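So the chains spell out like this:
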Amino acid sequence: MRISRLVTAGALAAVALWTLNLPAAAAPGTDQADTGGAIEHARNPAEQSLRELAKRHNLRVGTAVDMTAFNNDTQYRERIATEFSAVTAENVMKWSELEPQRGVYNWGPADQLVESARQNHQLVHGHTLLWHNQLPTWLTQGVASGEITPDELRQLLRKHIIDVVTHFKGKIWHWDVVNEVIDDNAQLRDTIWLQNLGPSYIADSFRWAHEADRRVKLYLNDYNVEGIGAKSNAYYALVQELLADGVPVHGFGSQGHLDTRFGNYSAFQVKENLDRFADLGLETSMTEVDVRMPMPPDATKLNAQAQSYGALMLGCLVAKRCVMFTVWGYTDKYSWVPGFFTGQGAANLLDENFQPKFAYREVQAVLAYTR
Ligand code: XIL
């Protein structure tokens, strides 16, 4: 990436814009600015962590955390603390993990992550209150057999959202309330929720979450919405509708699961899309960034990957209210990609030996050299 793309003219105006457009948006009792690992004197940016480099921009840089790796791999755990100022539970806040048996909650792993985040001055992005995947079997089977009626399902969803938001009240920066509710044809996704409850489950979910914690920010979150297109247009329309109905919606999350073979966005496209949600009054975040490639990696693919990471980071940095840039895992040692996309991998910033890839250097450079 050419430096001229990063360092724009009108520096003073740009500085003024940063101040105006990145308001504090922290969880109660926490500072928006990252205070962890403060380094005051000038240092070679290539030696600085992402959280240090992002501080100046009031941006939180996060990672998804795999709690099994967290408990078994010291290097994995320690790097999360030094490199990142936000965390997301990769799995342990999903419904199947929190309530594997009906009425029996398993808060342990999620509480452990929240406590570690507190100790390391990290904010927690809650993921996720409603999704169509990783639902408990008792729930999906109960609905399939007719044992759980639509009315009961609605009550179960309400109880789930209120119980979870209440349990973590005051400890979560923002919640993904609904995850992936629009499909790739830009229609409401055909799920257990839509089939049984109708489209009103979306507004209901936001209202219930808000009822349980009036201060936590509430997000919609999805993939393939990094630029302007049919799917992000559908979200734009949905958000307008929700806001017109007085539904408490505060944020839009763009996951950012990209593939070096397609999906290459420019920072212009990313900023333009995020900014239209900001213009509706929402804050925005990149919530699950990774850039997979067909295995094995080579220099061309790794460069393409670096370009994609850089464009997403730059787009977020220059967008009006993009407050968080979170990667979906940070090392190729632990990644969901090989298990989900046959023949693909190497999607993260660090390789399996925790060594920085081109993409890591690119993200560092964007953070260091963007005004
Ligand atoms: C993935 C996890 O990374 C895997 O470990 C799990 O088996 C399946 O889910 N979009 C999301 C995330 O919102 O929750 C998904 O996480 C990846 C796609």
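Residues numbered from 1 in each chain as written. Predicted model: local features only at pLDDT ≥ 70, side-chain atom pairs only at ≥ 80, totals over all residues. Heavy atoms only, no water.

So, on to the overall build of the protein. Along the protein, the regular secondary structure elements total 16 helices and 10 strands. Across the 371 residues in the protein, those meeting the buried criterion constitute 54%. When contacts within the protein are restricted to residue pairs at least 6 apart in sequence, those whose partners lie at least 24 apart make up 79%. Here the protein has roughly 15,300 Å² of accessible surface; of this, 52% comes from carbon and sulfur atoms. (Helix = DSSP H or I, 4+ residues; strand = E, 2+ residues; numbered from the N terminus. Buried < 20%, exposed > 50% of the residue type's maximum accessible area, 1.4 Å probe, protein only. Contact = heavy atoms within 4.5 Å. Areas by Shrake-Rupley, 256 points an atom, 1.4 Å probe, with all protein chains shown as cover.)

The next point concerns the packing of helix α13 (residues 267-279) against helix α14 (residues 299-318). Helix-helix packing is characterised by the crossing angle of the two axes and by the distance between the axes. Look at α13 against α14: their axes get within 8 Å of each other, and the N-to-C directions meet at 40°. Taken together, the axes of α13 and α14 lie oblique to each other. The interaxial crossing formed by α13 with α14 has right-handed handedness. On the side of α13, the interface is formed by Ala 267, Val 270, Lys 271 and Leu 274, while α14 contributes Ala 311, Leu 312, Leu 314, Gly 315, Cys 316 and Val 318. A class-by-class count of the residues in the contact of α13 with α14 yields 8 nonpolar, 1 polar and 1 charged. (Axes fitted to C-alpha atoms, helices over the stretch in contact; angles between N-to-C directions. Parallel < 35°, antiparallel > 145°, perpendicular 65-115°, else oblique. Left-handed = near helix turned anticlockwise from the far one by under 90°. Nonpolar A, V, L, I, M, F, W, Y, C, P; charged D, E, K, R; others polar.)

Before going further, it helps to examine the pattern of salt bridges. Under the defined criterion, the tally for this structure stands at 16 salt bridges. A salt bridge links Glu 83 to Arg 79, with the nearest nitrogen and oxygen atoms 2.9 Å apart. Taken as a pair, Glu 83 and Arg 79 lie in helix α5 (residues 74-83) at a separation of 4 residues, close to a single helical turn. Across the salt bridge formed by Lys 357 and Asp 332, the nearest N and O atoms sit 2.6 Å from each other. (Salt bridge = Lys/Arg side-chain N within 4 Å of Asp/Glu carboxyl O.)

Every one of the 14 residues lining the ligand counts as a neighbour, but Glu 90, Lys 94, His 127, Asn 179 and Glu 288 are closest to it. In this structure, Asn 91 approaches the ligand through a side-chain N or O atom, which is 3.0 Å from an oxygen atom. Between the ligand and His 127 there is a distance of 2.7 Å, counted from an oxygen atom to a side-chain nitrogen or oxygen. Surface burial for the ligand is 86%, taken as the share of its 410 Å² of free accessible area covered by protein chains. Looking at side-chain class alone, the shell around the ligand contains 4 nonpolar, 6 polar and 4 charged residues. (Near = heavy atom within 4 Å. Polar contact = N/O pair within 3.5 Å; in protein donor to acceptor, adjacent residues only side chain to side chain.)

The next thing to look at is the nonpolar core. Across soluble globular proteins, nonpolar side chains have a tendency to be buried as a group. Grouped together as the largest cluster of nonpolar side chains are 97 residues, with contacts concentrated most on Trp 175 and Trp 193. Counting residues in hydrophobic clusters, the runner-up holds 6 residues, among them Ala 86, Leu 123, Trp 173 and Val 323. (Core = buried A, V, L, I, M, F, W, Y, C linked by side-chain atoms within 4.5 Å.)

Considering every residue of the protein, the mean pLDDT works out to 92; 88% of them sit at 70 or more. Confidence drops under a pLDDT of 50 for residues 1-32, and excluding neighbours within four residues, the segment shows 48 contacts in the predicted structure. (pLDDT = per-residue confidence, 0-100.)

Let us now look at unusual backbone geometry. For the bond from His 127 to Thr 128, the omega torsion is 0°, close enough to zero to count as cis. Assignment of secondary structure puts Thr 128 in strand β3 (residues 123-130). The omega angle of the peptide bond from Met 295 to Pro 296 is 0°, so this bond is cis rather than trans. Considering the arrangement of structural elements, one finds Pro 296 in the loop between β8 (283-294) and α14. Positive phi is not limited to glycine here, since Gln 134 has a value of about 50°. Positioned with a positive phi, Glu 180 is a non-glycine residue whose angle comes to about 60°. Structurally, Glu 180 can be placed in the loop between β4 (174-179) and α10 (192-197).

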